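Reading the structure
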Amino acid sequence: NNQIKVAIVGYGNLGRGVELSVLKNPDMSLVAVFSRRDPKSVTTINTPVYSLDNILEFKEKIDVLILCGGSKDDLPIQGPKYAEHFNVVDSYDNHAEIPAYFASVDKSCQKNKTIGMISIGWDPGMFSINRIYGEALLPDGDTYTFWGKGLSQGHSDAIRRVEGVKNGVQYTIPSTEAIDKVRSGSRPSLTTKQKHTRECFIVLKDGADSKKIENEIKTMPNYFEPYDTTVNFISQDEFDKNHNTMPHGGFVIRSGKSSDGVNQVIEYALKLDSNPEFTASVLVAYARATFRMSKKGEFGAKTVFDVAPVLLSPKSSQDLIKELL
Ligand code: NDP
């Protein structure tokens, strides 16, 4: 069959999202999930699971490997390691380290002429594309990115490390007032505090001091101190009922002038019930592009900036031309 054969490395939230997303793309098939854990302990929807130790035995059976490990500890190892043998796509999102990560994946890609499609997702990813479109089309302008309302993994981890906290989540909320100002075309200067607020939902351990915990969270440097933060204490039941999904989203807005007094505002918005499922959907579309670029003989590390829209679509370029308008 001529389906694009993909496989997943690492089965967490994102790995599961990729499994679901491939089901929505009939030109692709999912060959395998590879995990560092005992394959018997990993339950997928219906894809066979193998030990990551055996992945090289599958070299001829896989067109593109989608790396679904964490950006902090997994991808810096897995990206360069598997790019040496496979075309890979990943969602590396450790902003400050992206240039160094690009270089290390590129080095591996050069050895066997593979493609390493890095930092794919929504931010970095779709938001990055919308920022460069905005800047290219309206050179006299300002770009604004707002995140949320959404669950921040990093901030949720930070509150769970506070002593006395049994369970916790943190939502980042964009300020509607700030967004409205930006949408008006007035190009405001906004401080960190004016752009987002933070809201925490916490289940306490028995006997924990809620006042002390609230204060510790609100004054936590970098994470919460620069923001207006609300802390809510709730029961485990309420936590399980209302805080078990991973919604997210946000806005990229470019506001500029094409001539004196002529405002032009571009807006790209995401409202996501599930951050990992959407990120996975982006990874899968870029896996298609990666396969096509590889077939054309391209190789090396790439980002969203290197991929033409025609390569992402399951339709042919002839069909797409008919749909231009
Ligand atoms: P998870 O923590 O759910 O999974 C990461 C890895 O941990 C998995 O690949 C898996 O590897 C291992 N793992 C998962 N579940 C378990 C478990 N129960 N016990 C032991 N190990 C487990 O992370 P996510 O999937 O939520 O996110 C992955 C990355 O995606 C994030 O680090 C983030 O950087 C990135 N991301 C990027 C976005 C973007 O827009 N660019 C947006 C959202 C996320 P194994 O199977 O080998 O054990």
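In this text the structure is predicted, and so the values were computed from the model without any measurement. (Residues numbered from 1 in each chain as written. Predicted model: local features only at pLDDT ≥ 70, side-chain atom pairs only at ≥ 80, totals over all residues. Heavy atoms only, no water.)

Regarding the pattern of salt bridges
- One pass over the structure, following the stated rule, counts 16 salt bridges.
- A salt bridge links Asp-27 to Arg-288; the shortest N-O distance between them is 2.7 Å. Here Asp-27 is found in the loop between α1 (13–23) and β2 (28–35), whereas its partner Arg-288 is found in helix α10 (residues 275–295), with 261 residues between them in sequence.
- Judged by its relative accessible area of 23%, Asp-27 falls in the partly exposed class.
- Since its relative accessible area comes to 2%, Arg-288 is described here as buried.
- Ionic pairing is found between Lys-111 and Glu-84, a salt bridge with its closest N-O pair at 3.7 Å. With Lys-111 in helix α3 (residues 98–112) and Glu-84 in the loop between α2 (75–83) and β5 (87–90), the pair connects residues that are 27 residues apart, well separated along the chain.
- By relative accessible area, Lys-111 is classed as exposed at 54%. (Salt bridge = Lys/Arg side-chain N within 4 Å of Asp/Glu carboxyl O. Helix = DSSP H or I, 4+ residues; strand = E, 2+ residues; numbered from the N terminus. Buried < 20%, exposed > 50% of the residue type's maximum accessible area, 1.4 Å probe, protein only.)

Some remarks on the packing of aromatic side chains
- In the structure shown here, the tally under the stated rule is seven aromatic pairs.
- With a centroid separation of 5.0 Å and an interplanar angle of 80 degrees, the aromatic rings of Phe-34 and Phe-58 are classed as edge-to-face. Pair noted here: Phe-34 is in strand β2 and Phe-58 is in the loop between β3 (49–51) and β4 (64–67), with a separation of 24 residues, a long-range link. Each member of the pair, Phe-34 as well as Phe-58, carries the same accessibility label: buried.
- An angle of 85 degrees between the planes, with centres 5.3 Å apart, marks the rings of Trp-122 and Phe-127 as edge-to-face.
- Trp-122 gets classed as buried once you look at its relative accessible area, which sits at 7%.
- Taken together through their ring pairs, the aromatic side chains of Phe-34, Tyr-50 and Phe-58 make up a single cluster. (Phe/Tyr/Trp six-rings, centres within 6.5 Å; stacked < 30°, edge-to-face > 60°.)

A word on the site of the ligand
- With respect to spatial proximity, 22 residues lie near the ligand, and among them Leu-14, Ser-35, Arg-37, Ser-71 and Asp-93 are the closest.
- Contact with the protein chains hides 71% of the accessible area of the ligand, taken as 920 Å² for the molecule alone.
- Of all elements in the fold, only α1 and α10 reach the threshold of two or more residues within the shell around the ligand. (Near = heavy atom within 4 Å. Areas by Shrake-Rupley, 256 points an atom, 1.4 Å probe, with all protein chains shown as cover.)

Overview of the sheet that holds strand β9 (residues 165–174)
- Read across the open sheet, the four strands follow the order β8-β9-β10-β11; overall the sheet is mixed. Of all the strands in the sheet, just β8 (150–151) and β11 (228–233) have a single pairing partner and so form its edges.
- Bridge count for β8 against β9 is two bridges, and the pairing is antiparallel. The partner of Gly-150 across the bridge, within β9, is Thr-172.
- Here helix α5 (residues 153–160) sits on the sheet and contacts β8, β9 and β10 (196–204); the angle it forms with β9, its principal contact strand, is near 145 degrees. (Pairing = 2+ DSSP bridges. Contact = heavy atoms within 4.5 Å. Axes fitted to C-alpha atoms, helices over the stretch in contact; angles between N-to-C directions.)

What about the confidence of the model for the protein?
- Overall, the prediction assigns the protein a mean pLDDT of 97, with 100% of residues at 70 or greater.
- Model confidence for the complex: the whole-complex pTM is 0.95, and ipTM, which rates the interface, is 0.98. (pLDDT = per-residue confidence, 0-100.)

Some remarks on unusual backbone geometry
- Asp-123 connects to Pro-124 through a cis peptide bond whose omega is 5 degrees.
- Following Gly-148, the chain continues into Lys-149 via a peptide bond in cis, with omega recorded as 0 degrees.
- Examined against the element boundaries, Lys-149 turns out to sit in the loop between β7 (141–147) and β8.
- Backbone geometry at Lys-113 places phi at a positive 55 degrees, although glycine is not the residue there.
- You can see Lys-113 is positioned in the loop between α3 and β6 (115–117).
- By relative accessible area, which is 54% here, Lys-113 ends up exposed.
- Phi is positive for Ser-119, which is not a glycine, with a value near 60 degrees.
- Mapped onto the elements of the fold, Ser-119 is located in the loop between β6 and α4 (126–137).
- On the basis of relative accessibility, which here comes to 6%, the residue Ser-119 falls in the buried class.

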